[in-house]
Amino acid sequence: MLNYITSGESHGPQLTAIVSGFPAGVAVLAADINRELARRQQGYGRGERMTIEQDKVEILSGVRFGKTIGSPVTLVIKNRDWENWREAMSPDPGEPADTKAVTRPRPGHADLSGCLKYAHKDARNILERSSARETTSRVAVGALCKRLLAEFGFVIFSHILRIGDVVAQELPKSFDELQKKAADSDVRCADAAAAEKMRGRIREAKERGDTIGGVVEIIAVGAPIGLGSCMSADAKLDAAIAQAVMSIQAVKGVEIGMGFAAAAVCGSNVHDAISYSPERGFYRTTNNAGGIEGGMSNGEPIIVRAAFKPIPTMMTPKASVDLITKEPFEASKERSDVCVVPAAGVVAEAAIAFVLARAFLEKFGGDSLDEIKRNHHSYIHYLKNY
Ligand SMILES: Cc1cc2nc3c(=O)[nH]c(=O)nc-3n(C[C@H](O)[C@H](O)[C@H](O)COP(=O)(O)O)c2cc1C
């Protein structure tokens, strides 16, 4: 089964991801992964850290002469900032004079619960890992998965639907245009007028020392009917997608298709009528289900939305209590972003790419790309002749 593990602290020497169960024969270049890493670092509202870190991957195993060989793929991204943190992040015993200790937990972050759970008095031991710097590794894994899925015609992209109270209104119907317009916008919103207002909201939040959240929509085109399963809870594709997206830092809601809106209307306004033509086979005239029914892809584009809360580190912090003195304090400020929603969309694409790649490999198996192509081809042929 396709799997991965990541490791690395935000100010440690590097982030590492090891992907196992990835088939042989898939063309992968560092440039493919670097492109996605760069996308994660862009976007209006990011902080100073993004100018320090220009993420580049090193592929340390699993790829030879530009193609995967079937062994675990090791991806490493160095933290350039580590040079400034060598002492404070040292694995050696003893504490240097400047440990950069954090004793003022930030409301909304993992600091307090993490310190109590892991018996730390320095929240740095928690925030170094709970920080969304970790999502860099996930984007690298997602880039690898996108390479596999691209061999089968998948396209996965995202765009911003909302920042604060500003909602995109005029969106192109064509996915190509939607993707292109979002890519051309620094808030990754395809509605130019809304994008302008979104920039304004981000600026206003920054001026107030505040932060702001929003909603991302992720669209995956190319999934054939039948990824995932209706047969057991843990095999359901929608459940796997919801878990993967909800695990992204700051995500507080996940919807598939109509999502929460489906609860407000009657069935006649929700369910997608089934049609058939010899060219297309079974298809739908609407896609309110967001491409998944009964835990399985139904052949329509998979449409997922994620709600991101405003990030917790604020220049005008909420009150907190010092871990050592128990005295009330203004929570400590780590260097921070104002709005991460444009970047977070890239992370959500990666999370979904992994889930789809795993479901795809479960359905079509195979140790090599050629074998998977044979299995996939025969299934598509079977669907056409059903
Ligand atoms: C791409 C991205 C960047 C983030 N950057 C920051 C940041 O600079 N400062 C911050 O306080 N939170 C940031 N967050 C959110 C926190 O990591 C997150 O709120 C925290 O780990 C607590 O987890 P929870 O919000 O899921 O409960 C970021 C999230 C994402 C997805």
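Residues numbered from 1 in each chain as written. Predicted model: local features only at pLDDT ≥ 70, side-chain atom pairs only at ≥ 80, totals over all residues. Heavy atoms only, no water.

A. Seen up close, the sheet that holds strand 7 (residues 155–163). In spatial order, the strands read 8-7-9-15-10; together these five strands make up an open sheet with antiparallel pairing. Both edges of this open sheet fall to strand 8 (166–167) and strand 10 (251–256), since each of them pairs with a single strand only. By the bridge criterion, five bridges tie strand 10 to strand 15 (residues 302–308) in an arrangement that is antiparallel. Directly across from glutamate 255, in strand 15, lies its bridge partner arginine 305. Together, strand 7, strand 9 (214–221) and strand 15 form the strand contacts of helix 9 (residues 341–364), whose direction differs from that of strand 7 by roughly 145°. (Pairing = 2+ DSSP bridges. Helix = DSSP H or I, 4+ residues; strand = E, 2+ residues; numbered from the N terminus. Contact = heavy atoms within 4.5 Å. Axes fitted to C-alpha atoms, helices over the stretch in contact; angles between N-to-C directions.)

B. Representation of the nonpolar core in the model. Counting 76 residues, the largest nonpolar core has Leu237, Ile241, Val245, Ile302, Val304, Phe308 and Leu356 as its most contacted members. In terms of residue count, the dominant contributor to this core is helix 9 (17 residues). (Core = buried A, V, L, I, M, F, W, Y, C linked by side-chain atoms within 4.5 Å. Buried < 20%, exposed > 50% of the residue type's maximum accessible area, 1.4 Å probe, protein only.)

C. Representation of the layout of surface pockets in the model. There is about 650 Å³ of room inside the second largest pocket. Forming the boundary of the second largest pocket are 23 residues, of which Ile225, Arg280, Phe282, Gly299 and Leu383 lie nearest the centre. Put simply, the parts of the chain that give the lining of the second largest pocket at least two residues each are strand 12 (281–284), strand 14 (296–297) and helix 10 (369–384). A breakdown of the residues in the lining of the second largest pocket according to their chemical character gives 11 nonpolar, six polar and six charged. (1 Å grid on protein atoms, 1.4 Å probe; cavity = no way out; pocket = protein on both sides within 12 Å on 5 of 7 lines; lining within 4 Å. Points joined across faces, edges and corners; volume = space filled by probe spheres on them. Nonpolar A, V, L, I, M, F, W, Y, C, P; charged D, E, K, R; others polar.)

D. How the structure looks around the site of the ligand. Lining the immediate surroundings of the ligand are 15 residues, of which Ala250, Lys252, Lys309, Thr313 and Ser336 lie closest. Separating an oxygen atom of the ligand from a side-chain N or O atom of threonine 313 is a distance of 2.4 Å. In the complex, 87% of the free accessible area of the ligand, which totals 630 Å², lies under the protein chains. Of the residues belonging to the shell around the ligand, the class tally is six nonpolar, six polar and three charged. (Near = heavy atom within 4 Å. Polar contact = N/O pair within 3.5 Å; in protein donor to acceptor, adjacent residues only side chain to side chain. Areas by Shrake-Rupley, 256 points an atom, 1.4 Å probe, with all protein chains shown as cover.)

E. Representation of the environment of glycine 200 in the model. As for its placement among the helices and strands, glycine 200 is situated in helix 7 (residues 192–207). On a C-alpha basis, the gap between glycine 200 and valine 166 in space is 9.8 Å, while along the polypeptide they are 34 residues apart.

F. The sheet that holds strand 1 (residues 3–7), seen in detail. Overall, antiparallel pairing links the four strands, which are arranged 1-2-6-3 in an open sheet. Of all the strands in the sheet, the pair left with one neighbour each is strand 1 and strand 3 (57–61). Across this sheet, the average inter-strand angle for adjacent strands is 20°, counted without regard to direction. In the sheet, strand 2 (residues 14–20) pairs with strand 6 (residues 73–78) via six bridges, with the strands oriented antiparallel. Residue pairing for strand 6: leucine 15 is matched across the bridge by isoleucine 77. Strands in contact with helix 5 (residues 135–150) are strand 1, strand 2 and strand 6; relative to strand 2, the strand with the most contacts, it is inclined by about 35°.

G. Fine view of the pattern of salt bridges. According to the stated counting rule, one finds 23 salt bridges in the structure shown. Between glutamate 134 and arginine 138 there is a salt bridge, with the nearest N and O atoms lying 3.1 Å from each other. Arginine 138 gets classed as buried once you look at its relative accessible area, which sits at 9%. Here the salt bridges do not stand alone but share partners, grouping Asp32, Arg35, Arg147, Glu151 and Lys373 into one network. (Salt bridge = Lys/Arg side-chain N within 4 Å of Asp/Glu carboxyl O.)

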